[in-house]
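Structural features, examined
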Amino acid sequence: MYKKKLFLRFTLLIVFIFLLNSLAGEFHWYSSIWYFDMPMHFLGGFWLGLFFLWFFYPNNLSFKLIFKIILCVLLIGILWELFELFFVNYVGQLSFNTLDTTSDLSFDLVGGFSSILYFFKRIMITSQIEI
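To start, this report covers the structure provided alongside it. Think of each chain on its own: its residues are numbered from 1, step by step along the sequence as written. Reporting of local features is limited, given that this is a predicted model, to residues whose pLDDT is at least 70; pairs of side-chain atoms are given and counted only at 80 or more, and all residues count toward the totals for whole chains, interfaces and linings. Computation of side-chain values covers all heavy atoms of the structure but excludes hydrogens and water.

With that settled, the discussion passes to the overall build of the chain. Per the convention used, a helix needs a DSSP run of H or I reaching at least four residues, while a strand needs a run of E reaching at least two, with both numbered from the N terminus. Looking only at helices and strands, one finds five helices and zero strands in the chain. Traced from its N-terminal end to its C-terminal end, the chain shows the element sequence α-α-α-α-α. Structurally, the chain occupies a C-alpha span of about 55 × 30 × 20 Å along its principal axes. Within the chain, the fraction of its 131 residues that count as buried is 33%. Here the analysis covers contacts within the chain between residues at least 6 apart in sequence; of these, 74% occur between residues at least 24 apart. Each residue is placed in one exposure class: buried if its accessible area under a 1.4 Å probe, protein chains only, is under 20% of its type's maximum, exposed if it is over 50%, and partly exposed if it falls in between. By definition in these notes, contact holds between two residues if any of their heavy atoms fall within 4.5 Å.

As structure tokens, then:
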């Protein structure tokens, strides 16, 4: 029942992230608003969390499932940071920023945890009430 709800929610969220990122590129928000990448990483982690919840399709939330989802979000976040490291350091010729990377990964994880809470509170419980 809630697999359709999850699919709709993470599809709409990725469209929103795409539009917001397009506007940010057009209006240079990443360079003019110093903290703009923080909500973007949160939204990315939230989207990844919803995606992996949909992918693993849980009947209930267990510690093992939560750990697996957070681990997947962290892995994708690390891969993204490696991608940024390559392009920022080697293509853009800028120095590596440890604080930025730590902040990005933290917001990815907070977004992942938030998606699990959202799933439990808004999708799983309301689906059980509707039955």
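On we go.
So, about the layout of surface pockets. Of the volumes computed, that of the largest pocket is approximately 420 Å³. Definitions used for this entry: grid spacing 1 Å over protein atoms alone; cavity, a set of points where a 1.4 Å probe fits but cannot get out; pocket, an open set with protein on both sides within 12 Å along at least 5 of 7 lines; lining residue, one with an atom within 4 Å of a point. Taken together, 17 residues form the lining of the largest pocket, with Ile17, Met40, His41, Gly44 and Trp80 sitting closest to its centre. At the level of elements, helix H1 (2-27), helix H3 (37-56) and helix H4 (63-91) are the ones that each hand at least two residues to the lining of the largest pocket. In terms of residue count, the dominant contributor to the lining of the largest pocket is H3 (seven residues). All residues other than Ala, Val, Leu, Ile, Met, Phe, Trp, Tyr, Cys, Pro, Asp, Glu, Lys and Arg, Gly among them, are scored as polar; the first ten of these are nonpolar and the last four charged. Taken together, the residues that form the lining of the largest pocket break down as nine nonpolar, five polar and three charged. Looking at the second largest pocket, its volume works out to about 340 Å³. Elements with a contribution of two residues or more to the lining of the second largest pocket: H3, H4 and helix H5 (98-130). When residues in the lining of the second largest pocket are grouped by element, the largest group, seven residues, is from H4. Looking at the lining of the second largest pocket residue by residue, the classes come out as six nonpolar, five polar and five charged. Grid points are joined across faces, edges and corners, and a volume is the space filled by probe spheres set on the points.

On to the nonpolar core, then. Formed by 24 residues in total, the largest nonpolar core has its most connected members in Leu13, Leu50, Leu53 and Ile69. Going through the elements one at a time, H1, H3, H4 and H5 are the ones with two or more residues in this core. Here this core gets eight residues from one element, more than from any other, and that element is H3. If we ignore the near neighbours within four places in the chain, the residues touching Leu50 are Leu6, Arg9, Phe10, Leu13, Ser115 and Tyr118. Note on terminology: a nonpolar core comprises buried Ala, Val, Leu, Ile, Met, Phe, Trp, Tyr and Cys residues joined through side-chain atoms within 4.5 Å.

This part is about the packing of H3 against H4. Angle between the axes and distance between the axes: these two values describe a pair of packed helices. Lines fitted to C-alpha atoms define the axes here, with helix axes fitted over just the stretch in contact, and angles between the N-to-C directions of these axes take values from 0 to 180 degrees. One way to put it is that H3 packs onto H4 with a least axis distance of 9 Å and a crossing angle of 135°. The pairing of H3 with H4 is recorded here as oblique in orientation. Crossing geometry of H3 relative to H4 is assigned as right-handed. Between H3 and H4, the residues in contact are His41, Gly45, Leu48, Gly49, Phe52, Leu53 and Phe56 and Leu65, Lys68, Ile69, Cys72, Val73, Ile76, Trp80, Glu81 and Glu84, respectively. Class assignment for the residues of the contact of H3 with H4 results in ten nonpolar, three polar and three charged. We call two directions roughly parallel when the angle between them is under 35 degrees, roughly antiparallel when it is over 145, roughly perpendicular when it lies between 65 and 115, and oblique otherwise. Less than a right angle of anticlockwise turn of the near helix away from the far helix marks a crossing as left-handed, whereas a clockwise turn marks it as right-handed.

Note on placement: Leu71 falls in helix H4. Accessibility expressed as a relative area gives 45% for Leu71, which makes it partly exposed. Separated by 22 residues in the primary sequence, Leu71 and Gly49 have C-alpha atoms spaced 10.0 Å apart.

Honestly, it's all geometry; don't read function into it.
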